[in-house]
Amino acid sequence: MTDAVKIYHNPRCSKSRDTLSLLKSNGVDPEVVLYLETPPDVQTIRELLHMLGMGSARELMRQKEDLYKSLNLDDGRLTEAELVQAMVDNPKLIERPIVVANGKARIGRPPEDVLEIL
C-alpha cells in the first residue's frame, strides 16, 4: 500500500463498526476519523466525491435521514456547493463508513466493498 488507510467512522453505526473490524482482520490499522466530532471541510468532501466517482453530492448524503428532509435538501434548485456545505455543517448527513486507500474511496455498504481498494 502506498497510502495510509483512513476510515471516516461513526462508532454508533453497525456498518461502520463492521467495516473497521474487517479492515483490522485483514491486517490494516487505519487512521480513524470520527467525522461527527471533526467534520470534513468542503475540499475534503469534494475530494471524497471525486474518489468515490460520484457525480452529485446527493449521492454521498443519507437521504432517508430526518435532517435531510427537514433541511429540504431534496430541492432540485440547490447547487452542489450548497449540498456540500450542508454536509460540512451537518456531518450526520454523510453516508458512512467511507474508507480511503491508494487514492480511491469506497463506502462500506456492504463492508466487503472496501477490500477492493486495499
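Located above this text is the structure these notes cover.
Sequence order as written defines residue numbering, which begins from 1 separately in each chain. Given that the model is predicted, a residue must reach a pLDDT of at least 70 before its local features are reported, and side-chain atom pairs must reach 80 or more before they are shown or counted; all residues, however, enter totals for whole chains, interfaces and linings. Heavy atoms from the whole structure form the basis of all side-chain values; hydrogens and water molecules are not counted.

S.K.: Provide a residue-level description of the sheet that holds strand E2 (residues 31-34), including the pertinent values.
M.R.: Within a sheet, neighbouring strands are paired by backbone hydrogen bonds and run either parallel or antiparallel to one another. Spatially, the four strands line up as an open sheet ordered E2-E1-E3-E4, and their pairing is mixed. Two strands close off the open sheet at either side, each with one partner strand: E2 and strand E4 (104-107). On average, each strand axis in the sheet is inclined to that of its neighbour by 20°, with strand direction left out of account. At least two DSSP bridges between two strands are needed for those strands to be called paired. In DSSP terms, a helix is any run of H or I states spanning at least four residues, a strand is any run of E spanning at least two, and both are numbered starting from the N terminus. Examined bridge by bridge, strand E1 (residues 6-9) and E2 share four bridges and lie parallel to one another. Residue pairing in the sheet places Ile7 in a bridge with Val32 of E2. Residues are treated as being in contact if the distance between any of their heavy atoms lies within 4.5 Å. Angular values range over 0 to 180 degrees, each being the angle between N-to-C directions of two axes fitted as lines to C-alpha atoms, with helices fitted over their stretch in contact. Running over the sheet, helix H1 (residues 14-25) touches E1, E2 and strand E3 (98-101) and is turned about 160° from E1. The strands touched by helix H2 (residues 42-52) within the sheet are E1, E3 and E4, with E4 carrying the most contacts at an inclination of about 85°.

S.K.: Got a sec to walk through H2? Specific residues and values, please.
M.R.: Residue burial is assigned from relative accessible area. The probe radius is 1.4 Å, only protein chains are included, and a residue is buried under 20% of its type maximum, exposed over 50%, and partly exposed in between. Taken as a whole, H2 has its buried residues at Ile45, Leu48, Leu49 and Leu52. Seen end-on, H2 carries its buried residues on one side only, within an arc spanning 100°. Looking at the buried side of H2, the elements it contacts are E1, helix H4 (80-89), E3 and E4. Looking one or two places after H2, you find Gly53, whose phi comes out positive at around 75°. When we speak of the arc, we mean the arc of directions from the helix axis to the C-beta atoms.

S.K.: Could you give an account of the environment of Leu34, with specific residues and numbers?
M.R.: Relative to the helices and strands, Leu34 is located in strand E2. On the basis of relative accessibility, which here comes to 29%, the residue Leu34 falls in the partly exposed class. A C-alpha to C-alpha distance of 15 Å links Leu34 and Gly108, two positions 74 residues apart in sequence. Apart from residues no more than four positions distant in its own chain, Leu34 is found in contact with His9 and Pro11.

S.K.: Run through the side chain of Thr19, naming residues and quoting values.
M.R.: Within the element layout of this structure, Thr19 appears in helix H1. For this analysis, a polar contact is any N or O atom pair within 3.5 Å, provided that within protein one partner can donate a hydrogen and the other can accept it, and provided that sequence-adjacent residues contribute only side-chain to side-chain pairs. Polar side-chain contacts of Thr19 include one of 2.8 Å to the backbone oxygen of Lys15.

S.K.: Kindly report on the pattern of salt bridges, identifying the contributing residues and their values.
M.R.: Each salt bridge in this description consists of a side-chain nitrogen of Lys or Arg and a carboxyl oxygen of Asp or Glu lying within 4 Å of one another. For the structure on display, the rule yields six salt bridges. Put simply, Glu95 and Arg62 hold a salt bridge, and the shortest N to O gap is 3.1 Å. Residue Glu95 is found in the loop between H4 and E3, and its partner Arg62 is found in the loop between H2 and helix H3 (66-70); the two are separated by 33 residues along the sequence. Across the pair, Arg62 and Glu95 agree in class, each one buried.

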